[in-house]
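One letter stands for each residue in the lines below.
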Amino acid sequence: MTDHLAIDASEIARIAARIDRPIVLVGLMGVGKSTVGRKLAEMLERDFIDADDAIENAAQRSIAEIFEEFGEAYFRDGERRVIGRLIEESGGVIATGGGAFVDPETRTLILDKAIAVWIDTDIDILVERTSRRDTRPLLRNGDPKEILTRLYKSREPFYSQAQIRVKSENAPHSEAAEAILEAIDRWI
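## Details of the packing of aromatic side chains
Phase 1 of the analysis: This model, assessed by the stated rule, comprises 4 aromatic pairs.
Phase 2 of the analysis: Plain terms: the ring middles of F67 and F75 are 5.0 Å apart, the flat faces sit at 40° to each other, and that makes the pair tilted.
Phase 3 of the analysis: When its relative accessible area of 17% is taken as the criterion, F67 is described as buried.
Phase 4 of the analysis: Residue F75 is classed as buried on the basis of its relative accessible area, which comes to 3%.
Phase 5 of the analysis: Ring centres 6.3 Å apart and planes at 40° place the aromatic pair W118 and Y152 in the tilted group. Of this pair, W118 sits in strand 4 (residues 115-120) while Y152 sits in helix 8 (residues 144-159); the two residues are 34 residues apart in sequence, bridging distant segments of the chain.

See the structure below:
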């Protein structure tokens, strides 16, 4: 079954032709940066890169292992370098980890050289989505809803600096991808 798209291929091509830099998706864990990012890249006929995957490939260990072994500051430094490289090498869609845009240097880099899109989602939806896998180091020690609510409150001032904000609900990924395209079209 194919997703029904509200925007047709010619409209997508028109918008894609106006996008002259990578699209970097930011937001809390579980908002759908990777899944929506893949759909968005497919619609634009561009590459999709998950920064977390690129970090794990570069480090030859999982993000959880990096956090545990070296700490968050070390991870954020490596994350910034990888995101910088991805922005330079890609004209496509890049999904970042939830904390990437909080780092001032990473945020400045993204805002200067890419289109930052904040995918915002209600906390209850995030709790449900993040409960599906135990791969989130920041959710391992405590109540996920409390942790996600605290993270949202502390990170919202940073996420809100993104050029574009799109609300994601429990709907097909194509709907969020279309909303991003429409928002980019209004912005550029």
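## Regarding the environment of I87
Phase 1 of the analysis: Checked against the element boundaries, I87 lands in helix 5 (residues 72-89).
Phase 2 of the analysis: Sequence-wise, I87 and T108 are 21 residues apart; in three dimensions their C-alpha atoms are separated by 12 Å.
Phase 3 of the analysis: In this structure I87 touches P22, V24, I94, L109, I110, K113 and A114, once residues within four positions along its chain are discounted.

## Quick word on the packing of helix 3 (residues 51-59) against helix 5
Phase 1 of the analysis: Relative to each other, helix 3 and helix 5 sit at 110°, their axes nearing to 10 Å. Overall, the two elements helix 3 and helix 5 adopt an arrangement that is roughly perpendicular. The two elements helix 3 and helix 5 meet at a crossing, and its hand is right-handed. Facing helix 3, whose interface residues are A51, D52, A54 and I55, helix 5 presents F75, E79, V82, I83, R85 and L86.
Phase 2 of the analysis: Partitioned by chemical class, the residues of the contact of helix 3 with helix 5 number 7 nonpolar, no polar and 3 charged.

## Describing the sheet that holds strand 4
Phase 1 of the analysis: A sheet is described by the order of its strands in space; here 5 strands give the open sequence 2-3-1-4-5, paired in parallel fashion. Looking along the sheet, the strands with just one partner apiece sit at the ends: strand 2 (48-50) and strand 5 (164-167). Averaged over neighbouring strand pairs, the angle between their axes works out to 25° when direction is ignored.
Phase 2 of the analysis: Relative to strand 5, strand 4 runs parallel, the two sharing 4 bridges. Note on strand 5: the bridge partner recorded for D120 is K167.
Phase 3 of the analysis: The strands touched by helix 9 (residues 173-187) are strand 1 (23-26), strand 4 and strand 5; relative to strand 5, the strand with the most contacts, the crossing angle is about 150°.

Calculation notes
Residues numbered from 1 in each chain as written. Predicted model: local features only at pLDDT ≥ 70, side-chain atom pairs only at ≥ 80, totals over all residues. Heavy atoms only, no water. Phe/Tyr/Trp six-rings, centres within 6.5 Å; stacked < 30°, edge-to-face > 60°. Buried < 20%, exposed > 50% of the residue type's maximum accessible area, 1.4 Å probe, protein only. Helix = DSSP H or I, 4+ residues; strand = E, 2+ residues; numbered from the N terminus. Contact = heavy atoms within 4.5 Å. Axes fitted to C-alpha atoms, helices over the stretch in contact; angles between N-to-C directions. Parallel < 35°, antiparallel > 145°, perpendicular 65-115°, else oblique. Left-handed = near helix turned anticlockwise from the far one by under 90°. Nonpolar A, V, L, I, M, F, W, Y, C, P; charged D, E, K, R; others polar. Pairing = 2+ DSSP bridges.

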